[in-house]
Amino acid sequence: MNKYNSEKIYGFDYLRAICCMLVVAIHAGIPNFLLSYKSLYNFIAYNICDLAVPIFFQLSFILFFVSREKQQYYFFKKRCFKLIKLYLFWGLIFHLYLLIINEISVNQLIDLTDMRKLIVFIITDGYSNPFYFFFSLLLLTTFAELFAFYIEKTQINNELICYSALIFFCIIVFLLPLSVIFFGKEFAILAQHFNPLNFVPYVFSSFLIKNEISKTQLNSFSYFNKKNLSILILFIVFAIIEWKYLDYPLLWNGFREDFLPTDSEDALPVYSRLSLVFGAWSIALISLKVTSEPHFIVKLFSDLSLGVYCLHSFFVILLLRIFPSPGYALVLIFFITLLLSAILTKFLKMFKIFKDIV
């Protein structure tokens, strides 16, 4: 057993609690208060809030690699089926909810004769935001299992292979928005938030983090070394590059299931950015230095983070109907959504049937 396997990574509790609140804040429109201060809004929305989902991926993969070393056949015995249940359950429930409140029509769900529409439907869990996360997590956790299995069987230098794969997929992520810039909007789907390719690098950075912390006790882990500082510098450098060369709001419009632009305009592609890869990596490393138990409120939201992530969209849609021109009511929407999502999650956890769902 590795040294760190018996230690609790308290920093991950803080990250889960903070990130679930950031996701709710984004969808409740809290950053919109800063629209009058465009530079500050851009920094908060794109360089801080957009880190929430990448950090969730980062933590999920780190803990997956840790768990598979503790438990033989962990992927097949537990992880795979849990992710399938999450994908199917929340996709079904969310669409029933949208049909009931007339947000979508049955025709939108059954018009899948076009292959591209069908692929997007599957990847996005039926055009459902934010449940594209579960398809990507299922696909990439399967990929992570195959990668770890290959490393174990070949007995080769796993860090060399890992860094090589990381560089390769970072290049892919770097090219996704460039393909839209140089070849036009017919390639816009490549830089959409739901493209699983956006998140492949997190598999390899997580494997490297797992290797690093397996060699040392967490309380003696040192963040300020050349490699970790290099990751932080890369985060800053790529963030600057992205704002200089990818700031084309009209190009990153959201797309509906029929691939027509929505009213949304993103200054940058949402997750097709290397700054997020290195930012999530750097933050995960920093969190390893946290050795004290979190406050019970932090621990509570950490434990409820999956349920809050899944349930908040239901409440946001409903509350935005109640407050069609919300203004400062956005703050109220945020707190009500967060509170109701947490309470409902806590309630559902009382039932065994929902154990792996929330």
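For the structure, check the block above.
First things first, this report covers the structure right here in the doc.

Rules and cut-offs
- Residues numbered from 1 in each chain as written.
- Predicted model: local features only at pLDDT ≥ 70, side-chain atom pairs only at ≥ 80, totals over all residues.
- Heavy atoms only, no water.
- Axes fitted to C-alpha atoms, helices over the stretch in contact; angles between N-to-C directions.
- Helix = DSSP H or I, 4+ residues; strand = E, 2+ residues; numbered from the N terminus.
- Parallel < 35°, antiparallel > 145°, perpendicular 65-115°, else oblique.
- Left-handed = near helix turned anticlockwise from the far one by under 90°.
- Contact = heavy atoms within 4.5 Å.
- Nonpolar A, V, L, I, M, F, W, Y, C, P; charged D, E, K, R; others polar.
- Buried < 20%, exposed > 50% of the residue type's maximum accessible area, 1.4 Å probe, protein only.
- Core = buried A, V, L, I, M, F, W, Y, C linked by side-chain atoms within 4.5 Å.

All right, on to the packing of helix 3 (residues 52-70) against helix 4 (residues 74-100) then. At a minimum axis separation of 10 Å, helix 3 and helix 4 run at an interaxial angle of 150°. As far as their axial angle goes, helix 4 and helix 3 are roughly antiparallel. Seen along the crossing, helix 3 lies across helix 4 with a hand that is right-handed. Residues Ser-60, Phe-64, Ser-67 and Arg-68 of helix 3 pack against Tyr-74, Phe-75 and Arg-79 of helix 4. Tallied by class, the residues present in the contact of helix 3 with helix 4 amount to 3 nonpolar, 2 polar and 2 charged.

Let us now look at unusual backbone geometry. Its identity is not glycine, yet Tyr-73 carries a phi of approximately 55°, on the positive side. If you trace the backbone, Tyr-73 turns up in the loop between helix 3 and helix 4.

This brings us to the environment of Asn-228. Mapping Asn-228 onto the fold places it in helix 10 (residues 226-245). For Asn-228 and Ser-282, which are 54 residues apart along the polypeptide, the C-alpha to C-alpha distance reads 6.9 Å.

Bringing helix 2 (residues 38-48) into the picture now. Structural remark: α-helix, 3.6 residues per turn; residues separated by three or four positions point the same way. Among the residues of helix 2, those classed as buried are Tyr-41, Asn-42, Ala-45, Tyr-46 and Asn-47. Buried residues along helix 2 sit against helix 10 and helix 11 (274-287).

This part covers the nonpolar core. The biggest cluster of nonpolar side chains holds 95 residues, and the ones touching the most others in it are Val-53, Trp-90 and Phe-204. Apart from residues lying up to four places away in sequence, Trp-90 is in contact with Asp-125, Phe-131, Phe-134, Cys-310, Leu-311, Phe-314, Ile-357 and Val-358. If you look at the next biggest cluster of nonpolar residues, it comprises 6 residues, including Tyr-41, Leu-246, Ala-267 and Leu-268.

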